[in-house]
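Here is what each chain is made of, one letter per residue.
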Amino acid sequence: VGEVTQNYAMVAEAVDDWRNGLIQAEELLNTLEDVEQRLACHQEESQQYYDEIKQAPPEVQPALNEAVAMTEEGLMQSLAAIEKMKLAFDKEDDSYLENGLHEFEKASNLMVQAYHASREAASKAR
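Now for a quick tour of the structure. (Residues numbered from 1 in each chain as written. Predicted model: local features only at pLDDT ≥ 70, side-chain atom pairs only at ≥ 80, totals over all residues. Heavy atoms only, no water.)

Re the pattern of salt bridges
And then number 1: The final tally for this structure, using the stated rule, is six salt bridges.
And then number 2: The salt bridge partner of R19 is E98, with a shortest N-O separation of 2.2 Å. Linking R19 in helix α1 (residues 6–19) with E98 in helix α4 (residues 95–125), this pair joins segments that are 79 residues apart in sequence.
And then number 3: Taking the relative accessible area as the measure of exposure, R19 reaches 41% and is therefore partly exposed.
And then number 4: Looking at E98, the relative accessible area reads 41%, which means it is partly exposed.
And then number 5: Across the salt bridge formed by K84 and E103, the nearest N and O atoms sit 2.7 Å from each other. Here E103 lies in helix α4 and K84 lies in helix α3 (residues 61–91), a separation of 19 residues in the sequence. (Salt bridge = Lys/Arg side-chain N within 4 Å of Asp/Glu carboxyl O. Helix = DSSP H or I, 4+ residues; strand = E, 2+ residues; numbered from the N terminus. Buried < 20%, exposed > 50% of the residue type's maximum accessible area, 1.4 Å probe, protein only.)

The structure is reproduced here in structure tokens:
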């Protein structure tokens, strides 16, 4: 397993706890909704990043913009994955949890890549 985001780690742990009977379905759903909220807030902040990038040296702006675009893609995929996981409760079908968690992990990996890409671009700006 590569690096994952804190949000993914929280969700994966909650799914594990639920599978092992340590938490109720309601608690798992609460965790999913909390993380969904955090992702949505993160999404709203992206616009600020684009504005901040305009202050960076021109030669690093493309790399920084690409990193933010990657982050946005990761956020969209993460939100879609959480949405899918929540279907498990409506449809009473745990396969939605499995598939959604797998998609969330991929989205999380993308977010980590974006983070490293932005750090690398920023280091060149100094």
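Some points on the side chain of S108
And then number 1: Its place among the elements puts S108 in helix α4.
And then number 2: For S108, a relative accessible area of 0% puts it in the buried group.
And then number 3: Residues in contact with S108, not counting those within four places in the same chain, are V4, T5, Y8 and S78. (Contact = heavy atoms within 4.5 Å.)

That is the geometry; function is a separate question.
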